[in-house]
Each structure stands twice: as structure tokens, then as C-alpha cells.
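One letter stands for each residue in the lines below.
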Amino acid sequence: TFDRVLPLAMQFDDDGSVDVWLFHDETYNHPTNYTPENRENFVNNEIMSAIKAKYGWGATSYAPAFRKVSNNYSDAGKSKPPAFVLFFTDGNCTDKKQAEKEIKTASSYGVFWKFIGLGGSKNTFAFLEKLDDLTDRVIDNADFIHIPKLENMTDESLYKLLLQEFSSWLN
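Values in this document were obtained by computation on a predicted structure and should not be read as measured data. (Residues numbered from 1 in each chain as written. Predicted model: local features only at pLDDT ≥ 70, side-chain atom pairs only at ≥ 80, totals over all residues. Heavy atoms only, no water.)

Peer 1: Hey, could you run me through helix α4 (residues 96-106) in this one?
Peer 2: One turn of an α-helix holds 3.6 residues; hence residues three or four places apart share an orientation. Turning to α4, its buried residues number three or more, namely A99, E100, E102, I103 and A106. The buried residues of α4 occupy an angular sector of 165° when projected down its axis, which confines them to one face. Within α4, the exposed residues directed more than 90 degrees away from the buried face are K97 and K101. Contacts made by the buried residues of α4 are with α3 (63-72), β4 (111-118) and α5 (126-132). (Buried < 20%, exposed > 50% of the residue type's maximum accessible area, 1.4 Å probe, protein only. Helix = DSSP H or I, 4+ residues; strand = E, 2+ residues; numbered from the N terminus. Arc of directions from axis to C-beta. Contact = heavy atoms within 4.5 Å.)

What follows is the structure, given as C-alpha cells:
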């Protein structure tokens, strides 16, 4: 997944690297950014080893990730370019009410959230679909896509889905 989205992410990035955030019941900004130079085995060397060694596994909470990422990019769209966040998950969260609140709050920032449900059935990600259509936001700052099997998608189809709604949000 990382390798498939890196070319798109590099089109948005201004310094040749992509911030990586890990989340479960806590959220961490990984100290090593994802770059074309370190892409080989990045997931195994950086992500999986960090999860095993330091972070562990826990319940999946979206709200801390939404809050920390939004706060990190609070100047986006103002003194800095807007931020495009690819939010990958393979499951649902345990903090729906707080997650809704955070996405509503984040709608006043220059951050667009692309929620990407990987694997499973579309029903697995009903909450992300709800966030996509959430009311009472300053602006529609999110979109949801479900990708049951990434290996069955062409790059063109993937990029079209990833960019869907982004240009209307920018406008």
C-alpha cells in the first residue's frame, strides 16, 4: 500500500518525504519519514518493528489520531499549503463519538482526510462512511473509499479514488 501511494504523495510533498503516523489506542508521529530512498522494506524496518518494540497493539481509536494530525497541521491552508491526509485502516474504532467531534473540529483546518478502508467488506467501514457524510462541519473535509483488494486495482483507478473530492475541497 505504501509503495502504491508514494508516487501520489510525492506530488503533494514539498520536501521529498511523507510524515507517517501510527495509531491504535494512542497516536505516534513516526520519527522516520517515508521517502523514495527508504521505501524498500520501510513497512518491515520502520512500521512493524516500531509496533513490536515500542508501541504494541491495542484497541483502535481514531480520535487521538485525528486530533494530533490536525494539530500538527493547524497552519495548513493558512501560512502553509493545505494538507492531504491518507488515513488507512483495516478496521473500526472504539471511540466513535470522540472521533466525530474531532473531524468536526478539524473541518476548520486546512486538512483534507481521505479515509481508506483496506480489506474486509464495505460494512466493516460503515463508521468511516458516516464521517464522510457528517453534518455540522465548517466544510466537507473528508472522503471515504473502500479497497477490498488493492492488488486488483490499477494505479489509474487507485489515484482517481484517492483524489476524488479533493479538488472540490480545495475550491
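Once you've had a look at it, read on.
Peer 1: I keep staring at the pattern of salt bridges and nothing clicks. Help me out?
Peer 2: Side chains that carry opposite charge are capable of pairing whenever their charged atoms lie near each other. Taken as a whole and assessed by the stated rule, the structure comprises seven salt bridges. Between E100 and K130 there is a salt bridge whose closest N-O contact spans 2.8 Å. Here E100, found in helix α4, pairs with K130, found in helix α5; they are 30 residues apart in sequence, far enough to count as distant. The class of K130 is partly exposed, set by a relative accessible area of 43%. Between D143 and K114 there is a salt bridge; the shortest N-O distance is 2.4 Å. Separated by 29 residues along the polypeptide, D143 in strand β5 (residues 142-147) and K114 in strand β4 bring together distant segments of the chain. For the pair formed by D143 and K114, the shared burial category is buried. (Salt bridge = Lys/Arg side-chain N within 4 Å of Asp/Glu carboxyl O.)

Peer 1: Just to check I follow, could you spell out the sheet that holds strand β3 (residues 83-89) for this structure?
Peer 2: By definition, the strands of a sheet pair up through backbone hydrogen bonds, in either a parallel or an antiparallel sense. Reading across from one edge, β3-β4-β5 is the order of the three strands in this open sheet, with parallel pairing throughout. Each edge of the sheet is formed by a strand with only one pairing partner; in this case those strands are β3 and β5. Neighbour to neighbour, the strand axes of the sheet diverge by 20° on average, direction disregarded. As defined by bridge partners, β4 adjoins β5 across six bridges and the pair is classed as parallel. (Pairing = 2+ DSSP bridges. Axes fitted to C-alpha atoms, helices over the stretch in contact; angles between N-to-C directions.)

Peer 1: Help me understand the packing of aromatic side chains, please; the structure alone is not making it clear to me.
Peer 2: When we look at a pair of aromatic rings, we describe it by the centre distance and by the angle of the planes. Scanning the entire structure with this criterion turns up 15 aromatic pairs. Considering the side-chain rings of F66 and F87, the 5.1 Å spacing of their centres and the 55° angle between planes classify their relative orientation as tilted. With F66 in helix α3 and F87 in strand β3, the pair connects residues that are 21 residues apart, well separated along the chain. With a relative accessible area of 4%, F87 lands in the buried category. Ring centres of F84 and F166 lie 4.6 Å apart, and the angle between their planes is 65°; on these two criteria the pair is classed as edge-to-face. Of this pair, F84 sits in strand β3 while F166 is found in helix α7 (residues 166-170), placing the two residues 82 residues apart along the sequence. Of the two residues examined, F84 and F166, each falls in the buried class. What links up through ring pairs into an aromatic cluster is the set Y62, F66, F87, W113, F115 and F127. (Phe/Tyr/Trp six-rings, centres within 6.5 Å; stacked < 30°, edge-to-face > 60°.)

Peer 1: Looking at this structure, I do not really get the packing of α3 against α4. What am I missing?
Peer 2: The description of two packed helices rests on the angle between their axes and on the distance between the axes. Viewed as axis vectors pointing N to C, α3 and α4 meet at an angle of 20°, and their least axial separation amounts to 8 Å. When the axis of α3 is compared with that of α4, the two are roughly parallel. The two elements α3 and α4 cross, and the hand of that crossing is left-handed. Only Q98, A99, E102, I103 and A106 of α4 make contact with α3, whose side of the interface consists of A63, F66, R67 and S70. Across the contact of α3 with α4, the residue classes tally to five nonpolar, two polar and two charged. (Parallel < 35°, antiparallel > 145°, perpendicular 65-115°, else oblique. Left-handed = near helix turned anticlockwise from the far one by under 90°. Nonpolar A, V, L, I, M, F, W, Y, C, P; charged D, E, K, R; others polar.)

Peer 1: What am I meant to see in the environment of D19 here?
Peer 2: With respect to the secondary-structure elements, D19 resides in the loop between α1 (2-12) and β1 (21-23). The class of D19 is partly exposed, set by a relative accessible area of 31%. Once the C-alpha coordinates of D19 and T35 are considered, the two residues, 16 residues apart in sequence, prove to be 9.2 Å apart. When residues no more than four places from it in sequence are discounted, the contact partners of D19 are N33, N72 and Y73. In this structure the side chain of D19 is engaged in a polar contact, spanning 2.3 Å, whose partner is the side chain of Y73. (Polar contact = N/O pair within 3.5 Å; in protein donor to acceptor, adjacent residues only side chain to side chain.)

Read these as geometric descriptors, not functional statements.
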